[in-house]
Structures are given as structure tokens and as C-alpha cells.
Amino acid sequence: MSLQQFLLKKGYTKVKLHFTKTNHLELKAIINGVKGRFILDTGASNSCVGFAFADTFNLKVEDSEVKAAGAGAIDMLTQVSKKNIVKIGKWKSKRTSLILFDLTHVNTALANHDANLVDGIIGADILKKTKAIIDYNKKYLYLKL
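Residues numbered from 1 in each chain as written. Predicted model: local features only at pLDDT ≥ 70, side-chain atom pairs only at ≥ 80, totals over all residues. Heavy atoms only, no water.

Section: the sheet that holds strand β12 (residues 133-135)
Working step 1: An order of β1-β13-β12 is seen for the three strands of this open sheet, with the pairing classed as antiparallel. The sheet is open, and its two edges are formed by β1 (12-16) and β12, each paired on a single side. Taking the axes of each pair of neighbouring strands and ignoring which way they run, one obtains an average angle of 25° across the sheet.
Working step 2: Pairing of β1 with strand β13 (residues 140-144) involves five bridges; the strand directions are antiparallel. Note that in β13 the partner of Lys-14 across the bridge is Tyr-142. (Pairing = 2+ DSSP bridges. Helix = DSSP H or I, 4+ residues; strand = E, 2+ residues; numbered from the N terminus. Axes fitted to C-alpha atoms, helices over the stretch in contact; angles between N-to-C directions.)

Have a look at this one:
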């Protein structure tokens, strides 16, 4: 029995992953009914969307005291958006909080390598909630339904 067969039998759904030119894993997700492109980042504690995409994804935003750090940037201002509908493949959550911060440095790095720009990051919060399993060889993300 293959890993895929085993996980599908155990109630997981599979989502296709793509390696970017920068060797990041990328996937499509739908937030509040709007499709976007996201980096899968196991090291990111929270799932994030760039400030520039708040209106695109219909996010209701509140200021946050928390400062973000990562990918070479520190002390970045953040905002939070609660109770969002997030759909990745067949998995769906109606109460997902998302952190908003300036993704310019991430997209600049991607652009410098002729890689597609992203709308945000799917982080450990969603990966933990879904008991996610990443198959790097076959390029699939498995999420428990």
C-alpha cells in the first residue's frame, strides 16, 4: 500500500505542491472565497497574508501588538484578521485567524529569482490543526479532514 492510499484511507485529503525557483513549496488556497498563491512554511508559527491583499481576501483587520520576524526582517508591524474561511483542497475551516504583515521583502526575493509572487504563507498553525503530512518526493500535502 502506498503512502497516498494509506493516508486517503485514514481520512486525509491531498493537495498538490509545487517547488518554486527558490526551492520553496507553494500551494493554492482559498480565503473567504478568493483563490491565492501561498508558500508552505513549517517554520512560520502563523499563517499570514500580505497587507496589500487585505481587501483582495475580504479580511476584517484589527491592529495587533505582536511584532513579526522572519526571512531576514524583524520588528515588523502586524495586524490580525479573525474568523476567516480558509479552504485548502477539500479541507475547510470557518474560524481561522490570519496575521497580516508586509510581504514586500518576501516577494522581492522571489522576484529576484524570477519566481511567482505570493499572497501569503500557510504556517504551522494550520499544519498542526490538520495533522499535516508533507510528501516531498511526490510533492503532495496531506491534510486530515
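A short note on the packing of aromatic side chains
By convention here, two paired aromatic rings are described through the distance between centres and the angle between planes.
Working step 1: All told, the structure shown has two aromatic pairs when counted by the stated rule.
Working step 2: Taking the centre distance of 6.0 Å and the plane angle of 45° together, the rings of Phe-38 and Phe-57 count as tilted. Placement of the pair is Phe-38 in strand β4 (residues 34-40) and Phe-57 in the loop between β5 (48-50) and β6 (62-63), with a sequence separation of 19 residues.
Working step 3: Taking relative accessible area as the criterion, Phe-38 reaches 0% and is therefore assigned buried.
Working step 4: The interplanar angle of 50° and the centroid separation of 6.3 Å between the aromatic rings of Tyr-140 and Tyr-142 together place this pair among those described as tilted. Both residues of the pair, Tyr-140 and Tyr-142, belong to the buried class. (Phe/Tyr/Trp six-rings, centres within 6.5 Å; stacked < 30°, edge-to-face > 60°. Buried < 20%, exposed > 50% of the residue type's maximum accessible area, 1.4 Å probe, protein only.)

Considering the pattern of salt bridges
Working step 1: Scanning the entire structure with this criterion turns up two salt bridges.
Working step 2: Ionic pairing is found between Glu-26 and Arg-37, a salt bridge with its closest N-O pair at 3.2 Å. Linking Glu-26 in strand β3 (residues 25-31) with Arg-37 in strand β4, this pair joins segments that are eleven residues apart in sequence.
Working step 3: Overall, the relative accessible area of 6% leaves Glu-26 in the buried class.
Working step 4: Between Glu-62 and Lys-82 there is a salt bridge, and its shortest N-O distance comes to 3.9 Å. Of this pair, Glu-62 sits in strand β6 while Lys-82 sits in strand β9 (residues 79-88), and the two are 20 residues apart along the sequence. (Salt bridge = Lys/Arg side-chain N within 4 Å of Asp/Glu carboxyl O.)

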